[in-house]
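# Geometric and topological summary
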Amino acid sequence: MRFPTESRPAGSAILYLLSLASISLAAEADKTTTSTACTASSTSGAFFDLRPDIALKLNPDGSKPAHSNGAPTVDYHAKGYDYGSNFTLNICSAVVEPVDDVIGLEESKWQNVSAYYTSKGDVYSLGLQSGALISRGKELVLQYTGGSPCRKSTKKSSDLKGRSTIHGGASYRGSDYGRDGDTPSATPTSAAKASKETDEPKRRKSATIFFSCDRDAGAGTAQVSFIATDPDECSYVFKVKSQHACAGVEPHKPGSVGPGSVFLIIFAIAVLVYLLGGIFYQRTVAHARGWKQLPNYHLWASVWSFISDFFVIATSSCARFLPNRRGYHYVSGSPSGRGRSNRDDENRLIDQYDEEWED
């Protein structure tokens, strides 16, 4: 979106918005912890990982990289609409398709271009690759800097234009000007201003990318949209909707303490404090000795007794299913003669009862 130079209020608002975004990037850098490129962890515990959105370059044989995991293999494109040019960019990495003859950049930096556009056959870079994400609530911000040089400020040119108009319509001329047909000579002041403008560092194009969460289950790759640029065409703003920009939980890192380990440490400390504090109290205040020094000794003793009784009941119930306990058995199974005589007496008594019953 190209803004006209005559629209001062709108241009000032855009400049203020872009400057505020740049200042807030530096101000909130300490509020975001970024351990890996293209990832960010906010102080609230939310974790963002945009590495699946990085477009990867295919292998020389045309196959996808082994670590692609469904990542795109082509650059992202955004329509410029009334800007007059379309944009090509990548997320947290250089563009997949290499660019040549980038305006205002050294050849060694062409391979690091992460965003660019083409105008009248010339390639203009919008910044070099960067993986430094900054989280702001539910959104992420990524900024590319160090692109092609910006054009001269429209404010200076408009001031110079107005200044020349005033002097052209003036009714008198100063001592620095000759007659009407003479060419005005440059004064030391104007020469100093020209040298000062020459010594000023060049402003370079930059791109600020805002990421928003897209929870649409059917959404594929991320969607990039061009938002605006400032009147000097120096700062460009893009918005990316991606499902990977939604807040998640940071995965456990090897060597770090996880939630389970933290719980076990807290539990161990609580048990240690309970035992040491209880023993100290029972020994010094209650004057207990032996096992009774343990805190809540009677409670734990009753629990142990219950566990022991339950174990005895369980084992005695299961003993009935053992093979050597099956079938009939005698009350008196002694192999001695006394045992056999007892069995004979029992049989005679049973026969006697049967005869009496028949009579």
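These numbers were taken from a predicted model, which means no experiment stands behind them.

### Here's the deal with the overall build of the chain
Secondary structure summary: the chain contains 6 helices and 12 strands in total. Here the chain holds 359 residues, and the buried ones make up 28% of them. For the chain, restricting intrachain contacts to residue pairs at least 6 apart in sequence, the fraction spanning at least 24 positions comes to 56%. Here the chain has roughly 25,100 Å² of accessible surface; of this, 58% comes from carbon and sulfur atoms.

### A look at the sheet that holds strand 6 (residues 113-119)
Read from one edge of the open sheet, 4 strands run 4-5-6-7, paired in antiparallel fashion. In this open sheet, the two edge strands, each paired with only one partner strand, are strand 4 (76-78) and strand 7 (122-128). Across this sheet, the average inter-strand angle for adjacent strands is 25°, counted without regard to direction.

### Concerning the pattern of salt bridges
For the structure on display, the rule yields 2 salt bridges. Of the charged contacts in the structure, one is a salt bridge between Asp 49 and Arg 51, with a shortest N-O distance of 2.9 Å. Residue classification places Asp 49 among the partly exposed positions, given a relative accessible area of 21%. A salt bridge links Arg 203 to Asp 232, with the nearest nitrogen and oxygen atoms 3.2 Å apart. Of the two residues, Arg 203 is situated in the loop between helix 3 (188-199) and strand 10 (206-213) and Asp 232 in the loop between strand 11 (223-229) and strand 12 (235-242); the sequence distance between them amounts to 29 residues. We classify Asp 232 as buried; its relative accessible area is 7%.

### A short note on the environment of Phe 280
Along the chain, the position of Phe 280 falls in helix 4 (residues 259-284). Taking the relative accessible area as the measure of exposure, Phe 280 reaches 57% and is therefore exposed. C-alpha separation for the pair Phe 280 and Pro 295, spaced 15 residues apart in sequence, amounts to 9.1 Å.

### A few points about the sheet that holds strand 8 (residues 134-136)
Read across the open sheet, the 5 strands follow the order 8-9-10-12-11; overall the sheet is mixed. Across the chains shown, the open sheet's two edge strands, defined by having one partner strand only, are strand 8 and strand 11. Across the sheet, the mean angle separating the axes of adjacent strands is 25° when strand polarity is ignored.

### A few points about the nonpolar core
If you look at the biggest cluster of nonpolar residues, it comprises 35 residues, and the most contacted ones within it are Phe 87, Ile 91, Leu 126, Leu 142, Phe 211, Tyr 236 and Phe 238. Secondary-structure elements contributing two or more residues to this core are strand 4, strand 5 (87-89), strand 6, strand 7, strand 9 (139-144), strand 10, strand 11 and strand 12. Excluding anything up to four places from it in sequence, Leu 142 contacts Ile 91, Cys 92, Ser 130, Gly 131, Ala 132, Leu 133, Ala 207, Thr 208, Ile 209 and Phe 211. The next biggest cluster of nonpolar side chains, apart from the first, holds 9 residues, and it includes Val 95, Val 99, Tyr 116 and Leu 128.

### Some points on the side chain of Ser 114
Here Ser 114 lies in strand 6. Its relative accessible area of 0% is what places Ser 114 among the buried residues. There is a polar contact of 3.1 Å between the side chain of Ser 114 and the backbone nitrogen of Gln 129. Apart from residues lying up to four places away in sequence, Ser 114 is in contact with Thr 88, Leu 89, Asn 90, Ser 93, Ala 94, Val 95, Gly 127, Leu 128, Gln 129, Ser 130 and Tyr 144.

### Observations regarding the packing of aromatic side chains
Throughout the structure, instances matching the rule amount to 12 aromatic pairs. Seen from their ring centres, Phe 87 and Tyr 236 are 5.8 Å apart, and the 65° between their planes marks the pair as edge-to-face. Here Tyr 236 lies in strand 12 and Phe 87 lies in strand 5, a separation of 149 residues in the sequence. An aromatic cluster is defined as three or more aromatic residues linked by ring pairs; in this entry it consists of Tyr 83, Phe 87, Tyr 117, Tyr 124, Phe 226, Tyr 236 and Phe 238.

### A look at unusual backbone geometry
Phi is positive for Asp 101, close to 55°, though the residue is something other than glycine. Relative to the assigned elements, Asp 101 resides in the loop between strand 5 and strand 6. Judged by its relative accessible area of 56%, Asp 101 falls in the exposed class.

### Here's the deal with the pairing of strand 10
Buried residues dominate strand 10, accounting for 6 of its 8 residues. Alignment of strand 10 against strand 12, held across 8 bridges, turns out to be parallel. The residue bridging Phe 210 from the neighbouring strand is Lys 239, located in strand 12.

### Observations concerning the pairing of strand 9
Relative to strand 9, strand 8 is paired through 3 bridges, and the arrangement is antiparallel. Looking across to strand 9, one finds that Ile 134 is bridged to Val 141. By the bridge criterion, 5 bridges tie strand 9 to strand 10 in an arrangement that is antiparallel. The residue bridging Leu 140 from the neighbouring strand is Phe 211, located in strand 10.

### Thoughts on the confidence of the model for the chain
Regions with low pLDDT should not have their predicted coordinates read in detail. A residue-level look at the chain finds 66% of positions with pLDDT of 70 or above and a mean pLDDT of 75. In the predicted structure, residues 1-18 sits below a pLDDT of 50 and forms 23 contacts with residues beyond four places in sequence or in another chain. In this model, residues 20-34 is a region of pLDDT below 50 whose contacts with residues beyond four sequence positions or in other chains number 23 contacts.

Reading the values: the criteria
Residues numbered from 1 in each chain as written. Predicted model: local features only at pLDDT ≥ 70, side-chain atom pairs only at ≥ 80, totals over all residues. Heavy atoms only, no water. Helix = DSSP H or I, 4+ residues; strand = E, 2+ residues; numbered from the N terminus. Buried < 20%, exposed > 50% of the residue type's maximum accessible area, 1.4 Å probe, protein only. Contact = heavy atoms within 4.5 Å. Areas by Shrake-Rupley, 256 points an atom, 1.4 Å probe, with all protein chains shown as cover. Pairing = 2+ DSSP bridges. Axes fitted to C-alpha atoms, helices over the stretch in contact; angles between N-to-C directions. Salt bridge = Lys/Arg side-chain N within 4 Å of Asp/Glu carboxyl O. Core = buried A, V, L, I, M, F, W, Y, C linked by side-chain atoms within 4.5 Å. Polar contact = N/O pair within 3.5 Å; in protein donor to acceptor, adjacent residues only side chain to side chain. Phe/Tyr/Trp six-rings, centres within 6.5 Å; stacked < 30°, edge-to-face > 60°. pLDDT = per-residue confidence, 0-100.

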